[in-house]
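Single-letter residue listing:
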Amino acid sequence: MEAITIDVVSDVVCPWCYLGKKRLEQAIETVKDELAVAVTFRPYQLNPDLPPEGVDHKKHLAEKLGGIDAVDRAHQMLTDLGHAAGIDFDFPAVKISPNTLDAHRLLRWAMIEGPAVQERVAVALFKAYFEEGRNVGDHAVLLDVAEASGMDRAVVTALFSAGADVDSVKQEIGMARDMGVTGVPCFIIDNKYAVMGAQSPDVLANAFREIAKMKAQEAAAKT
């Protein structure tokens with residue numbers, strides 16, 4: 001069975017990233033008998049300059065999108081797309097647009113514990129923010145997510161207190177920008193190919209098959 005790696009460059013407060021994550025799950029399910037797929041979540045910040053305490057969500061979005069009507073239209077479209085993918089977006093519950101640096105630090109530590117732990121943390125962060133309206137910039141929320149995902153709460157508390165990996169996460173975000181990532185989600189396959197946006201499960205699955213096929217042909221040509 002051919003194997004591929006997928007680095008998911010995303011931000012935990014990006015609704016398109018949550019949609020892309022769900023569609024990725026569906027695509028992997030489609031190809032599971034053909035390909036072994038290993039997924040790693042990589043950090044990106046849509047709003048790196050937000051203060052640690054965050055800002056008013058609806059006001060912030062209205063300024064970015066050009067008014068409340070534009071926000072409402074975007075939220076309605078995403079709600080409909082979310083339902084089709086199995087997401088219960090609850091945008092009225094979201095009150096804060098947080099700085100997501102600490103959420104990405106948590107995802108980095110989860111990655112060290114293994115792909116399954118990181119997967120649980122990623123899903124829990126998206127769900128906490130978009131379905132439960134919780135502030136994923138708040139350490140108490142992040143610690144709850146970590147503990148519920150199987151991480152040691154005391155260890156994570158100590159890592160936050162020590163300022164661990166702040167520079168490392170910022171550096172990784174900078175590397176993504178240097179590679180040309182200007183929007184998320186971005187799926188980087190085998191460190192060579194990029195698929196941008198929350199593409200449909202079929203588009204993703206076909207991309208995975210094509211890349212695996214090219215990989216097999218390249219390997220065969222070398223033998």
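K.L.:
Explain the overall build of the protein to me, please; I cannot follow it from the model alone.
P.N.:
When helices and strands are tallied, the protein shows nine helices and six strands. In terms of overall dimensions, the protein is globule-like: its C-alpha atoms have a radius of gyration of 18 Å, near the 17 Å expected for 223 residues. A principal-axis box enclosing the C-alpha atoms of the protein has dimensions of 55 × 40 × 30 Å. For the protein, buried positions account for 46% of its 223 residues. If you take every contact in the protein between residues at least 6 apart in sequence, the share linking residues at least 24 apart comes to 76%. Looking at charge distribution, the protein has the averaged site of its 23 positive side-chain charges lying 2 Å from that of its 33 negative ones.

K.L.:
Is there a simple way to think about the packing of aromatic side chains in this case?
P.N.:
How two aromatic rings sit relative to each other is given by the distance of their centres and the angle of their planes. Counted according to the given criterion, the structure contains eight aromatic pairs. Aromatic pair tyrosine 18 and phenylalanine 89: ring centres 5.8 Å apart, planes at 85 degrees, arrangement edge-to-face. Pair noted here: tyrosine 18 is in helix 1 (residues 15–31) and phenylalanine 89 is in the loop between helix 3 (68–85) and strand 4 (96–97), with a separation of 71 residues, a long-range link. The class of tyrosine 18 is buried, set by a relative accessible area of 3%. Considering the side-chain rings of tryptophan 109 and phenylalanine 160, the 4.9 Å spacing of their centres and the 65 degrees angle between planes classify their relative orientation as edge-to-face. A residue pair is termed long-range when its members are at least 10 positions apart, and tryptophan 109 in helix 4 (residues 101–113) and phenylalanine 160 in helix 7 (residues 153–162) qualify at 51 residues.

K.L.:
In this structure, what is going on with the sheet that holds strand 1 (residues 2–10)? I would like to understand it.
P.N.:
Backbone-to-backbone hydrogen bonds join strands into a sheet, with any given pair of strands oriented parallel or antiparallel. Taken together, four strands build an open sheet; the order of strands is 2-1-5-6 and the sheet is mixed. Each edge of the open sheet carries a strand with a single partner, namely strand 2 (35–43) and strand 6 (193–196). Between one strand axis and the next, the sheet turns by 25 degrees as a mean value, whatever way the strands run. The sheet contact formed by strand 1 and strand 5 (residues 186–189) spans four bridges and is antiparallel. If you follow isoleucine 6 over to strand 5, its bridge partner there is isoleucine 189. Contacting strand 1, strand 2 and strand 5, helix 1 crosses the sheet at an angle of about 165 degrees to strand 2.

K.L.:
Just checking my understanding: could you explain the packing of helix 4 against helix 6 (residues 139–148) for this structure?
P.N.:
The axes of two packed helices give the description: the angle between them and the distance between them. Viewed as axis vectors pointing N to C, helix 4 and helix 6 meet at an angle of 20 degrees, and their least axial separation amounts to 10 Å. Considered as vectors, helix 4 and helix 6 are oriented roughly parallel to each other. Two packed elements cross with a definite hand, and for helix 4 against helix 6 that hand is right-handed. Between helix 4 and helix 6, the contacting residues are Asp102, Ala103 and Leu106 on the first element and His139, Leu142, Val145 and Ala146 on the second. Broken down by class, the residue content of the contact of helix 4 with helix 6 amounts to five nonpolar, one polar and one charged.

K.L.:
When you look at the pairing of strand 6 in this model, what are you seeing that I'm missing?
P.N.:
Each regular strand carries side chains that alternate between the two faces of the sheet. The pairing of strand 5 with strand 6 spans four bridges and is classified as antiparallel. Bridging across to strand 6, phenylalanine 187 finds its partner in valine 195. Here strand 5 hands over to strand 6 after three residues, with aspartate 190 in that stretch at a positive phi of 55 degrees.

K.L.:
Help me understand the nonpolar core in this model?
P.N.:
Soluble, globular proteins show a tendency: their nonpolar side chains are buried together. Ile6, Leu106, Val121, Leu125, Val136, Met151 and Phe208 are the most contacted members of the largest nonpolar core, which has 61 residues in total. Take this core: its biggest share by element is eight residues, from helix 5 (residues 115–130). Residues in contact with valine 136, not counting those within four places in the same chain, are Val12, Val13, Pro98, Ala103, Leu125, Ala128, Tyr129, Val141 and Leu142.

K.L.:
Sorry if this is basic, but what is going on with the pattern of salt bridges here?
P.N.:
Should the charged atoms of two oppositely charged side chains come close, the side chains can pair. Under the definition given, this model contains 17 salt bridges. In this structure, aspartate 144 and arginine 134 form a salt bridge, with 3.0 Å as the shortest nitrogen-oxygen distance. Here aspartate 144 is found in helix 6, whereas its partner arginine 134 is found in the loop between helix 5 and helix 6, with 10 residues between them in sequence. The partly exposed category is assigned to aspartate 144, whose relative accessible area is 32%. Among the ionic pairs, lysine 192 bridges to glutamate 218, the shortest N-O distance being 3.7 Å. With lysine 192 in the loop between strand 5 and strand 6 and glutamate 218 in helix 9 (residues 201–222), the pair connects residues that are 26 residues apart, well separated along the chain. For lysine 192, a relative accessible area of 53% gives the class exposed.

Criteria and thresholds
Residues numbered from 1 in each chain as written. Predicted model: local features only at pLDDT ≥ 70, side-chain atom pairs only at ≥ 80, totals over all residues. Heavy atoms only, no water. Helix = DSSP H or I, 4+ residues; strand = E, 2+ residues; numbered from the N terminus. Rg over C-alpha atoms; globule rule 2.2 N^0.38 Å. Buried < 20%, exposed > 50% of the residue type's maximum accessible area, 1.4 Å probe, protein only. Contact = heavy atoms within 4.5 Å. Lys, Arg positive; Asp, Glu negative; His and termini not counted. Charge placed at Lys NZ, Arg CZ, Asp CG, Glu CD. Phe/Tyr/Trp six-rings, centres within 6.5 Å; stacked < 30°, edge-to-face > 60°. Pairing = 2+ DSSP bridges. Axes fitted to C-alpha atoms, helices over the stretch in contact; angles between N-to-C directions. Parallel < 35°, antiparallel > 145°, perpendicular 65-115°, else oblique. Left-handed = near helix turned anticlockwise from the far one by under 90°. Nonpolar A, V, L, I, M, F, W, Y, C, P; charged D, E, K, R; others polar. Core = buried A, V, L, I, M, F, W, Y, C linked by side-chain atoms within 4.5 Å. Salt bridge = Lys/Arg side-chain N within 4 Å of Asp/Glu carboxyl O.

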